[in-house]
Protein chains: 2
Amino acid sequence: MEEKEISQAVIGRLPRYFRYLGELKDEGIERVSSQELSDIMQVTASQIRQDLNNFGGFGQQGYGYNVGYLYEEIGKILGLDKEHNLIIIGAGHLGQALVNYMNFERRGFIFRGVFDNNPDIYGKQIRGIPVRPMQEMERFVRENNIDIAVLTIPKNSAVEVAEQLVSYGIKGIWNFAHVDLHVPKEIQVENVHLSDSLMKLSYNLSSHNT
Amino acid sequence: MEEKEISQAVIGRLPRYFRYLGELKDEGIERVSSQELSDIMQVTASQIRQDLNNFGGFGQQGYGYNVGYLYEEIGKILGLDKEHNLIIIGAGHLGQALVNYMNFERRGFIFRGVFDNNPDIYGKQIRGIPVRPMQEMERFVRENNIDIAVLTIPKNSAVEVAEQLVSYGIKGIWNFAHVDLHVPKEIQVENVHLSDSLMKLSYNLSSHNT
């Protein structure tokens, strides 16, 4: 399917729409106007209409949006109607926290394997998943149809491990290592640079409190 | 000090400049041109010049940038020359992972207290910091000059806890709860919505692999 390129800014807002629509749905609300959505989400109604028009609209003049339908459609756009098989590289505190976070699984992101290079924890179970040595990674990725790798390893090894993963057929990398990866552009990388986020907070604190 | 408002997009790029300059510095490199910086950072040289011009430039025609000086100046702009006192609310896996992450402390972000509402873990030490009951939070914030609170609690309690923290004098919130907080606009909030990030990766995977 050929799609027009949607800007990353719009895509970045979709999960937020999804979250708010999910909450409205849980409250039993069946329809919502772009103005009401605008009030609770604190973005302009025109931005909402523009964003959603990228995917064909969904709204009806005088009716607004059907909450359940829009929720489901945005879910599909986000690829949440498919299951993703994940492995995580790095079974430290952060890796364990991510594996233990149930919400990812509810959205179809299933952790299948955990890898580490520390022999002391091989076989240790994290939410029922045993920690495996890195040497088993290639075979595991190929045999278990893994599409996403999560990197929670130090930055000095992340670049090399990312290259290996790509050669094994990984399509997406969720990167928590504090480094920019160098992978072919058809590989999707989503970075979570926690230090950068904290520095941004620090900047905003300094510039508003001096 | 009155400063002109810098766009959040520019601010969002500063930590990345800081990271790359730190690496150059560690490699013993003393000066760098905007073109060289452009090559390693994969942004245009003109963007680099524009971004840095927001803060007064730093570069010299024909010389480029002094790595050590620029690194330090960006650090100051980011507020990294001051120490920040942090508490974390929520001593689950993610909270523990953040407290255990040494790099934050190296940048001047010091975890002073950990709070949770689970009596079973009161007094438990996380990297030497005992878990305290939420009831002690107000006094602790006021007595220890805490400026940043990190929220790693479920979304249903996060909105209320954030309001309490603001009333105790907290100036910045690093929010990992999957909800938008409602706080006065002088309070700085930096959100890390992990599920949103994963959904964005999922979208990019779907739209590039269909």
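Draft legend 1. Up close: the relation of the copies chain A and chain B. The transformation that overlays chain A on chain B combines an axial shift of 0.0 Å with a rotation of 180°, and the residual RMSD is 0.0 Å. Within this description, the copies of the chain are treated as partners about a two-fold rotation axis. Comparing contact sets, 100% of the residues at the interface of chain A also lie at the interface in chain B, consistent with an isologous, same-surface contact.

Draft legend 2. Expanded view of helix H5 (residues 93-100) of chain A. Taking burial as the measure, the eight residues of H5(A) include six buried ones, the bulk of the element. For H5(A), the complete set of buried residues consists of A:Leu94, A:Gly95, A:Gln96, A:Ala97, A:Leu98 and A:Val99.

Draft legend 3. Focus on unusual backbone geometry. Phi at A:Arg127 is positive, roughly 50°, even though this residue is not glycine. With respect to the element layout, A:Arg127 can be found in the loop between strand S5 (125-126) and strand S6 (129-133). Note on A:Arg127: relative accessible area 33%, which makes it partly exposed. Within the chain, B:Gln42 stands out as a residue other than glycine whose phi angle is a positive 55°. In this structure, B:Gln42 sits in the loop between helix H2 (34-41) and helix H3 (45-53).

Draft legend 4. Representation of the side chain of B:Arg19. Along the chain, B:Arg19 turns up in helix H1 (residues 8-26). Apart from the residues within four sequence positions on either side, B:Arg19 is in contact with A:His178, A:Val179, A:Asp180, A:His193 and A:Asp196.

Draft legend 5. The arrangement of the pattern of salt bridges in detail. For the structure on display, the rule yields 22 salt bridges over all chains. Taking the shortest distance from any N to any O, the salt bridge between A:Arg132 and A:Glu136 comes out at 3.9 Å. Of the residues examined, A:Arg132 reaches a relative accessible area of 22% and is grouped as partly exposed. Classification of A:Glu136 as partly exposed rests on a relative accessible area of 39%. Between B:Arg19 and A:Asp196 there is a salt bridge, with the nearest N and O atoms lying 3.6 Å from each other. With B:Arg19 in helix H1 and A:Asp196 in helix H9 (residues 194-208), this pair bridges two chains. The residues B:Arg19 and A:Asp196 share a single accessibility class, namely buried. Here the salt bridges do not stand alone but share partners, grouping A:Arg16, A:Arg19, B:Asp180 and B:Asp196 into one network.

Draft legend 6. Spotlight on the sheet that holds strand S7 (residues 148-151) of chain B. Strands sit in the order S5-S6-S4-S3-S7-S8-S9 (chain B) across an open sheet of seven strands; the sheet is mixed. Either end of the sheet is taken by a strand with one partner, and the two such strands are strand S5 (125-126) and strand S9 (188-191) of chain B. Here S7(B) runs beside strand S8 (residues 172-175) of chain B; their pairing, made up of four bridges, is parallel. Among the inter-strand pairings, B:Val150 is bridged to a residue of S8(B), identified as B:Trp174. Here H9(A) sits on the sheet in contact with strand S3 (84-89), strand S4 (109-116), S7, S8 and S9 of chain B, set at roughly 170° to S9(B). Packed on one face of the sheet, helix H8 (residues 155-168) of chain B meets S3, S7 and S8 of chain B and runs near 170° to S7(B).

Calculation rules
- Residues numbered from 1 in each chain as written.
- Chains lettered and ligands numbered in written order.
- Predicted model: local features only at pLDDT ≥ 70, side-chain atom pairs only at ≥ 80, totals over all residues.
- Heavy atoms only, no water.
- Least-squares fit on C-alpha atoms with pLDDT ≥ 70 in both.
- Contact = heavy atoms within 4.5 Å.
- Buried < 20%, exposed > 50% of the residue type's maximum accessible area, 1.4 Å probe, protein only.
- Helix = DSSP H or I, 4+ residues; strand = E, 2+ residues; numbered from the N terminus.
- Salt bridge = Lys/Arg side-chain N within 4 Å of Asp/Glu carboxyl O.
- Pairing = 2+ DSSP bridges.
- Axes fitted to C-alpha atoms, helices over the stretch in contact; angles between N-to-C directions.

In short, geometric facts, not functional conclusions.
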